[in-house]
Amino acid sequence: MGWAGGMNMETIYQLTVSPDFTPEHISGWYIYNTWLQRNLGLHFHLEMYDSFDAQREAIRQDKVDLIYANPYDASMLVREKGFRAVVRPIGVADECVIVVPADSPVQKVEDLQPNARVASTDDPDIHLVGMIMLEPADLNADNVQSITVDGYVLVAKALLKGSADVGFFLKDAWDGLSNTVRKQLRPLVTSQISDIQHVLLVGPRLMDSVEDIQGLMLRMPQIEKGAGVLEALGFEGWAEVDHEDTEFMIDLMDTLKAR
Amino acid sequence: MLRDMQSTAVVGDFREYHINLYGFGARKVLVTDEEVPYPDGKLIVSRTDTRGIITHCNQSFVEMSGHTREALIGTEHSILRHPDMPGVAFKSLWDDVEAGKIWHGYVKNLRGDGKFYWVYATVIPNVRDGKVVGYTSVRRKPSRTKIRESIALYKQLKAQEGSQWDGPEV
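In this text, all values refer to a predicted model and were calculated from it rather than measured experimentally.

K.L.:
Which residues make up the nonpolar core, and what values go with them?
P.N.:
As a rule of thumb, nonpolar side chains are buried together in soluble globular proteins. Core analysis: the biggest nonpolar cluster contains 47 residues, and Ile98, Leu134, Phe168, Phe169, Leu252 and Leu256 of chain A have the highest contact counts within it. Among the elements of the structure, β5 (96-101), β6 (117-120), α5 (124-134), α6 (152-161), β8 (166-170), α7 (171-176), β9 (185-190) and α11 (243-257) of chain A are those that each provide at least two residues to this core. Residue contributions to this core peak at seven residues, all from α5 of chain A. Residues from two domains meet in this core; each of domain 1 (2-92 + 196-257) and domain 2 (96-190) of chain A gives at least three. Counting 38 residues, the second largest nonpolar core, distinct from the first, contains Val62, Tyr106, Tyr120 and Tyr135 of chain B.

K.L.:
Any chance you could break down the pattern of salt bridges for me, citing the residues and the numbers?
P.N.:
Residues and elements named next belong to chain A. Using the criterion set out here, one finds 27 salt bridges over all chains in the structure. As a salt-bridge pair, Arg205 and Asp65 come within 2.9 Å of each other at their nearest N and O atoms. In this pair, Arg205 is assigned in the loop between β10 (199-202) and α9 (210-219) and Asp65 in the loop between α3 (52-60) and β3 (66-69), connecting sequence segments 140 residues apart. Given a relative accessible area of 2%, Asp65 falls into the buried group.

K.L.:
Talk me through the sheet that holds β6 of chain A; I want residue IDs and the actual numbers.
P.N.:
All names here are of chain A. Strand order in the open sheet made by the five strands is β7-β6-β8-β5-β9, with mixed pairing throughout. Two strands bound the open sheet, and with one partner strand each, they are β7 (145-148) and β9. The sheet shows a mean angle of 30° between the axes of neighbouring strands, direction not considered. Where β6 and β8 come together, two bridges link them in parallel fashion. Within β8, the position partnered with Ala119 by the bridge is Gly167. The sheet contacts of α6 involve β5, β6, β8 and β9, and relative to β8 the element is tilted by about 160°.

K.L.:
Which residues make up the domain arrangement of chain A, and what values go with them?
P.N.:
All names here are of chain A. Under the domain assignment, chain A is made up of domain 1 (2-92 + 196-257) and domain 2 (96-190). If you average the C-alpha positions of domain 1 and of domain 2, the two centres end up 29 Å apart. Contacts between the two partners involve 13 residues from domain 1, matched on the other side by seven residues from domain 2. Approximately 820 Å² of surface area, both sides summed, lies buried where domain 1 meets domain 2, with 72% of it carried by carbon and sulfur atoms. Area buried by domain 1 at its contact with domain 2 is led by Phe52, Tyr72 and Leu256, which between them contribute 44% of it. Taken together, domain 1 and domain 2 are joined by zero salt bridges.

K.L.:
Explain the sheet that holds strand β3 (residues 44-48) of chain B to me, using residue names and the numbers behind them.
P.N.:
With antiparallel pairing, five strands are arranged side by side in an open sheet as β4-β3-β7-β6-β5 (chain B). Taken across any chain shown, the strands that pair with only one partner, and hence form the sheet edges, are β4 (54-57) and β5 (103-110) of chain B. The average undirected angle you get between the axes of adjacent strands in this sheet is 30°. Relative to strand β6 (residues 116-128) of chain B, β5 of chain B runs antiparallel, the two being bridged by eight bridges. Considered in β6 of chain B, the bridge of Gly105 of chain B is made with Ala121 of chain B. In the packing of α11 of chain A onto the sheet, contacts are made with β3, β6 and β7 (131-140) of chain B, and the angle to β6 of chain B comes to roughly 130°.

K.L.:
Got a sec to walk through the packing of aromatic side chains? Specific residues and values, please.
P.N.:
Inspection of every chain in the model, using the stated rule, returns 13 aromatic pairs over all chains. When the ring of Tyr68 of chain A is compared with that of Trp238 of chain A, the centres are 6.1 Å apart and the planes differ by 80°; the resulting orientation is edge-to-face. You can see Tyr68 of chain A sitting in strand β3 and its partner Trp238 of chain A sitting in strand β11 (residues 237-240), a full 170 residues away along the chain. For the pair Tyr68 of chain A and Trp238 of chain A, a shared accessibility class is recorded, and that class is buried. Centre to centre, the rings of Tyr106 of chain B and Tyr120 of chain B are 4.7 Å apart; their planes meet at 35°, and the pair counts as tilted. Of the two residues, Tyr106 of chain B is situated in strand β5 and Tyr120 of chain B in strand β6; the sequence distance between them amounts to 14 residues. Tyr120 of chain B shares its class with Tyr106 of chain B; the two are buried. Put simply, the rings of Trp29, Tyr32, Tyr68, Phe235 and Trp238 of chain A pair up and form one aromatic cluster. Taking NZ or CZ as reference, Lys257 of chain A lies 4.2 Å from the ring centre of Tyr72 of chain A, over its face. Seen from the ring of Phe116 of chain B, Lys108 of chain B lies directly overhead, with NZ or CZ sitting 4.2 Å from the centre.

Thresholds applied
Residues numbered from 1 in each chain as written. Chains lettered and ligands numbered in written order. Predicted model: local features only at pLDDT ≥ 70, side-chain atom pairs only at ≥ 80, totals over all residues. Heavy atoms only, no water. Core = buried A, V, L, I, M, F, W, Y, C linked by side-chain atoms within 4.5 Å. Buried < 20%, exposed > 50% of the residue type's maximum accessible area, 1.4 Å probe, protein only. Helix = DSSP H or I, 4+ residues; strand = E, 2+ residues; numbered from the N terminus. Domains from an automatic or database assignment. Salt bridge = Lys/Arg side-chain N within 4 Å of Asp/Glu carboxyl O. Pairing = 2+ DSSP bridges. Axes fitted to C-alpha atoms, helices over the stretch in contact; angles between N-to-C directions. Contact = heavy atoms within 4.5 Å. Buried area = accessible area lost by both parts, 1.4 Å probe. Phe/Tyr/Trp six-rings, centres within 6.5 Å; stacked < 30°, edge-to-face > 60°. Lys NZ or Arg CZ within 6 Å of the ring centre and 35° of its normal.

This is the structure:
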């Protein structure tokens, strides 16, 4: 047992976070990494990828062991890479807000016309849900001009500059914009899909620690400094996710991805 | 268990139809001409077992169906079947999902109060350990263009079917 423990301390596992993390929570993930290592007795390296493509490539190369993942990637992680979802955050939602400039003649989604210029980030679930919410206007990937930018502030900027007609925001990011910016913009519709959420998934190399990790996350608010770490992440806590919950979310995402 | 609709549940003038439901038989339904708009930003989600019995549904499903959750769970999914829908649409759905494929389609659904609502539905088989254990159906808001096209198409398909069961009770 001592030998195995020694091995674990020497193995460095990779922790990574969906690149759609909000800037104010970056330091929270570093604090989480330190807290996790102390309480789990395992050695983690936190790798923050700056794009979904770079993160997916790392997953394909089996570099990732623990991931706070976007629901869009859960299917690949679970069904192709053998990851297991253990918990989801409480107090955050993956909802999408469709926004136009305040002075736009567009009053409802159905007023948008083909060739509309759509600004969004590379956040895959928000882009997917945003495009679904444009379907009532007969808009799809083939008849809109997609403008991908590096963050939600730049989505707002594209709308304010007049270089985009409509933009997709993660609801938290929309709520986080300054009043001055929000006054110059107007939300048309906000998604209300509570079934789609980020999840924390454990990779094959850490499968022996699945129960320890899940238990630790669920007890986090009660463990020393755990509440402060959660606050730094912007979460109220973690809720248990079982195998069937994950499979259900993957099925749901698959129905949305299918064209 | 699916039951015939009762006039006390229906608001306003209605027409009575008997529709033939696959694997169930005839069901009396009462329909009105009132459309309930699809709720913006929401997905309507339900799951059934392999026989089409509802096992789960989200709150949007309950609200749009006009039934209580208790009345829905354990009941045939065809509780939503509107007499304006041609049988061939559901045959293609079952053929596809039983073959492990995803099905898409525009569907006019019947509510418990006789009103209707249009959806764009995607149905996917739920595969667990290599076996199909049920189906998930996710509906989203369709465009009016697609609804108009579907109305015309389904009218034509209904006329071709000439079902002895569907149609107003004379």
